[in-house]
Each structure stands twice: as structure tokens, then as C-alpha cells.
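# Architecture at a glance
Here is what each chain is made of, one letter per residue.
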Amino acid sequence: MYLIGYDIGSSSVKAALLDVDSGKCVASATSPAQEMPMQAPQAGWAEQDPERWWQEVQNATRLLQQKHAFDGKTVAGIGIAYQMHGLVCVDKDQLVLRPSIIWCDSRAVGIGNKAFAQLGHEYCLEHLLNSPGNFTASKLRWVQENEPQLYARIHKVMLPGDFIAMRLTGEACTTISGLSEGIFWDFSANDVAQSLLDYYKIDRSLLADIVPTFGLQGRLSEQAAKLLGLAPGVPVTYRAGDQPNNAFSLNVLNPGEAATTAGTSGVVYAVHNQIAFDEQSRVNTFVHVNNTEKDIRNGVLMCLNGTGILNSWLRNATGTLPYEEMNALAANAPAGAAGLRIYPFGNGAERILANQDSGASIQNLQFNVHGREHLLRAAQEGIVFALAYGVDIMKQMQMDIRRVRAGHANMFLSPLFRQVFANTLNVVIELYNTDGAQGAARAAGIGAGLFTAADAFKGMECIATVEPDEGQQTYQQIYADWLEGMTKSPLQLG
């Protein structure tokens, strides 16, 4: 018996096939082989075609079947993880009305800031735990203001994972965790944020019906089953945004536990049992996957948009070396990259900078001193320093982060990146043989009643532990210098 997990990213769709008995991932696949493009009709915009995600789900499923032959009738559940904060609009026939406005699109920043001021900081922070900011609700308001004829045709609005679940089952639904990431959830009322909907003039009927994060969310339709080579009726039993799901994937479920990831964006996500917020909404609180009315479990998230995308940009700009060679070359430069500093804020408005879209910058470049290795090292260091800046904000919320878990993937494949991270943040890193797709499959097992939370992680192993070393004091000073360099740019730190 098997479980399938899908991770719908902005770069690719990943799929994992998990054997229920052993808890081992027996096959994984990624589609497409090259990164999916983002469209940018204007500066600061970022869009993708939701139907492309669905096509890549089909492609990834076929690749799974090529890697490990299995009978589609033996799949007991499907789990979905997805890129957070995107907006998908469909009509009454479930046809997509426009490209999805995805997570790193900045067009709704002004709308969210205006709502924060007019609804009042006190209301927003006490009820939403966030500014409406550049989140899904504000993106929907942008569509209403700028594309009124299209808006009038909307039957349902969804997050990217809700859309994929709809393509699998034919049913439009969402979760409380998903509503919270779209800033559609009122934590005080434990209900949809009606005051925000009223302010934005959004009819509540546009929101999809709520289903549990773990549990039956619909069954595979005959049409979807035929496209995927699976059996009709397979239950979809889990969905969550990529960062709550990444935390689940790493068994980060309780207060004091933290997860991190460094893909296209970089995140540190820590579980809290308090209703907590940052006064400036530079880090954000969402409902965690295992939250209940009795046991509060919220996830506090700091996000850096410009993470792996900076590494990818440098790869294309400096000769398209394999990432492994780039990591080795970066390690040849000295700590601090001989004074070269990179500020990786070039992928849309950054929440940790109060939604400023400042662009990336390089400081102290000397043509007779710095080479490619310095540039690559300064990039990895700059990403870590920006993540550390976000964690500093989380610490101001009385969050004590001393140990973090990460999948052995993306930037965490770099030994240099891992050590700089441990030294700068003064944390122990545990690396596991898992990813978001595997986590979604394990969670689907809980939702299908095949696993308890206690045994869902059998087969997952810690493959390495990274502790601060003798370079810690050096990196504390380099980080302080990097922070001082922020004052030389247009950025205004809170």
C-alpha cells in the first residue's frame, strides 16, 4: 500500500511515493527538469498559469510510475503541499480566469498597507495577527479594483493547493490554515475574518468551503484518475502551505521547535503556543497544521524571497557551473569574502523589511581583489545574514530558537552555507532525508487513518548534525558589519 505526496512549488512540482509498511520513500520525481518560468508583465509582478502546475502533477506522477511500478489501486491517500499566498480565480465551470498572482508578487503592497492603517493596527494585529500586507486577500482586492469585469465572473478564489485539490477531486475547498495564510482568518473570533472581507467588499461566498487539514477532503475523480494512472475514489486526505508542511515534514509540531528551508525563498518557521505577532508585521503568524481549539499551535514565519533565486541568478550570470561546483568555489574564498557584502533583496517586496521592494545590492566590490569565488561566498553569507535578521525579529517575540531542522536539499546541500548558518544564528542544525513531497505523503497517511502522529515519521532519519564551530565569533562580527552596511542603502530597518 502506498501514499503519494505532491509539493506544488513555483520552480517545479515534486512527487513522492511512500511505502506505508516501511515508511520509506520508494520513489520521487520532479517536473519539469528545468525551472518553471514566472511571468512578470510589470516590474514587481509575478504570475504563473495554474494549469501548468496541474500538467506537471500529471508528468511527475508518470515519472513516479516509471521509477517504481505500482498499481494505482494500491494508493491509499494523497497529500498536497503548495506555494503559499498565491491567488487562483475560477468561474462556475472551474475554469481559470487569469494567471495566478503568486507569493512574490508585490502589486498589492499599497492596498494592504492602506487596509492596515484604516482598519487599525490594533484590530489587524489582535484579530489577524498580521497586517493584510501583500497577502492573498489584498491580491484579490487588487483584481477587484483593476479587473472588475473579470472579478464579476469569479465563482471561487483559492490558494494554489486548493486549485490542485479541485483538479484532483472536482471539489473547491480550503483549510483554516490556508485561510490564515491568505489573511482571511480571524484568530479572536475563530472564524473567517468578516471585517476584512467587508472592508475589501469581498463576498464571503467567494471563499471555498472549509475541510480539515488532516482528513477526507475529496476523492479522485474518474477524469483525474485517468490522467494520473490511478484509481477513481482515492482520497485526498491532507493539504498545507509549503512552510507549515515543511515543518510537519521535519516533525516540527510543538512549541520551541523550528524548521528552516532555503529553496527559491528562505524561511525559518517556529511553532508557538501563544497568540503572538510582530508590531510591524515583519514576521507572520499562521495556523499550524496540528492546531486545535484546545491546544494552540501557530507557526511564526520569517521569509526571505531572495534566497535560492539569488544563487540561480549568479549561476546563470557567472557561467552556469553545477551548484556543487559553485559551493566548492565559494568555500575557497575567506570568511567574509574579503569585505564583499551582498544584500539579497531582489525578488519582490520583503516582509522582514516592512514590505519594501528595494532590489538586491552589492557593497565594497573591488575589481582588483574580488573574483567569482568571493561573489559566490558573499551571496551565501548574505542569504544567511538576512535570515538571521528575520530570526532576530522572532526573538523579540520571546521565541527561543536554538535548534532547527532542515531537509538535506537546496542551499542546505552546501557545507559552507550550513556552517555559516549555524555560526551566525548560534543554532544546531539537524538535517533529515526528507522533503515537502515526502512530508505531504506522511501527512496523507495520518489523514487516511493509516498513521498516528507518533508513527508517521518512521523511515525518516537524521543524516547530519551541524553545530557552531570555532568560526562562530568571526561570523558574529561579520554579521554585525553586514547589518551596519544596511544603513548605507535605501533600506530603513525597524
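Scroll up to find the structure this text is about.
Below or above, wherever it landed, is the structure these notes cover. (Residues numbered from 1 in each chain as written. Predicted model: local features only at pLDDT ≥ 70, side-chain atom pairs only at ≥ 80, totals over all residues. Heavy atoms only, no water.)

### Some details on helix α3 (residues 121–128)
Here α3 has its buried residues at Tyr123, Cys124, Leu125 and Leu128. Once α3 ends, the next one or two residues include Leu129, with phi positive near 60 degrees. (Buried < 20%, exposed > 50% of the residue type's maximum accessible area, 1.4 Å probe, protein only. Helix = DSSP H or I, 4+ residues; strand = E, 2+ residues; numbered from the N terminus.)

### Quick word on empty space enclosed by the protein
Per the counting criterion, the structure on display carries two cavities of 30 Å³ or more. In this structure, the largest cavity encloses a volume near 100 Å³. Contributing to the lining of the largest cavity are His85, Trp103, Gly133, Asn134, Phe135, Lys139, Asn305, Ala349, Arg351 and Asn355. Among the residues forming the lining of the largest cavity, the class breakdown is three nonpolar, five polar and two charged. For the second largest cavity, the full set of lining residues is Leu87, Thr136, Val157, Met158, Leu159, Asp162, Thr174, Leu179, Phe184, Leu207 and Ala208. Taken together, the residues of the lining of the second largest cavity sort by class into eight nonpolar, two polar and one charged. (1 Å grid on protein atoms, 1.4 Å probe; cavity = no way out; pocket = protein on both sides within 12 Å on 5 of 7 lines; lining within 4 Å. Points joined across faces, edges and corners; volume = space filled by probe spheres on them. Nonpolar A, V, L, I, M, F, W, Y, C, P; charged D, E, K, R; others polar.)

### Observations regarding the packing of helix α10 (residues 242–249) against helix α15 (residues 436–447)
Between two packed helices, the angle of one axis relative to the other and the distance separating the axes together describe the packing. At their nearest, the axes of α10 and α15 sit 8 Å apart, and the two run at 75 degrees to each other. Considering their axes alone, α10 and α15 lie roughly perpendicular with respect to each other. Of α15, the residues touching α10 (which contributes Asn245, Phe248 and Ser249) are Gly436, Gly439, Ala440, Arg442, Ala443 and Ile446. Of the residues assigned to the contact of α10 with α15, the class counts are four nonpolar, four polar and one charged. (Axes fitted to C-alpha atoms, helices over the stretch in contact; angles between N-to-C directions. Parallel < 35°, antiparallel > 145°, perpendicular 65-115°, else oblique. Contact = heavy atoms within 4.5 Å.)

### Thoughts on the packing of aromatic side chains
The final tally for this structure, using the stated rule, is 18 aromatic pairs. With a centroid separation of 6.3 Å and 40 degrees between ring planes, the pair formed by Phe417 and Phe421 is classed as tilted. Here Phe421 and Phe417 lie together in helix α14 (residues 415–425), a separation of four residues that amounts to about one turn. The rings of Tyr343, Phe345, Phe385, Tyr475, Tyr479 and Trp482 are connected pair by pair, giving a single aromatic cluster. Looking at Arg107, its charged tip hangs above the ring of Trp45, at a distance of 3.7 Å from the centre. The lysine or arginine in question, Arg315, covers the ring of Tyr323, its NZ or CZ lying 5.1 Å from the ring centre. (Phe/Tyr/Trp six-rings, centres within 6.5 Å; stacked < 30°, edge-to-face > 60°. Lys NZ or Arg CZ within 6 Å of the ring centre and 35° of its normal.)

### Quick notes on the pairing of strand β20 (residues 403–407)
Here β20 lies mainly inside the structure; four of its five residues are buried. For strand β14 (residues 258–262) and β20, the ladder comprises three bridges, and the chain directions are parallel. Pairing of Ala259 across the sheet is with Arg405, part of β20. Bridging between β20 and strand β21 (residues 428–432) involves five bridges; their strand directions are parallel. Within β21, the residue paired with Gly407 across the bridge is Tyr432. A crossover connection joins β20 to the parallel β21 through α14; in handedness this β-α-β unit is right-handed. (Pairing = 2+ DSSP bridges. Right-handed = clockwise from strand over helix to strand, strands pointing away.)

### Structural notes on the sheet that holds strand β17 (residues 298–304)
Pairing is mixed in the open sheet, where seven strands are placed in the order β16-β17-β15-β14-β20-β21-β22. Here the strands that pair on one side only, and so sit at the sheet edges, are β16 (284–287) and β22 (462–466). Mean inter-strand twist for the sheet, computed between neighbouring axes without regard to direction, equals 25 degrees. The pairing of β21 with β22 spans four bridges and is antiparallel.

### So, the layout of surface pockets
The volume enclosed by the second largest pocket comes to roughly 410 Å³. If you go around the second largest pocket, you meet 20 residues; those closest to its centre are Ile176, Val287, Asn291, Thr292 and Glu293. Its residues assigned to classes, the lining of the second largest pocket shows 10 nonpolar, nine polar and one charged.

### Some points on the pattern of salt bridges
A full pass over the atoms with the stated rule returns 16 salt bridges. A salt bridge links Lys92 to Asp93; its shortest N-O distance comes to 3.7 Å. For Lys92, a relative accessible area of 66% translates into the label exposed. When salt bridges that share partners are traced, they join Glu47, Arg98, Asp105, Arg107 and Glu147 into one network. (Salt bridge = Lys/Arg side-chain N within 4 Å of Asp/Glu carboxyl O.)

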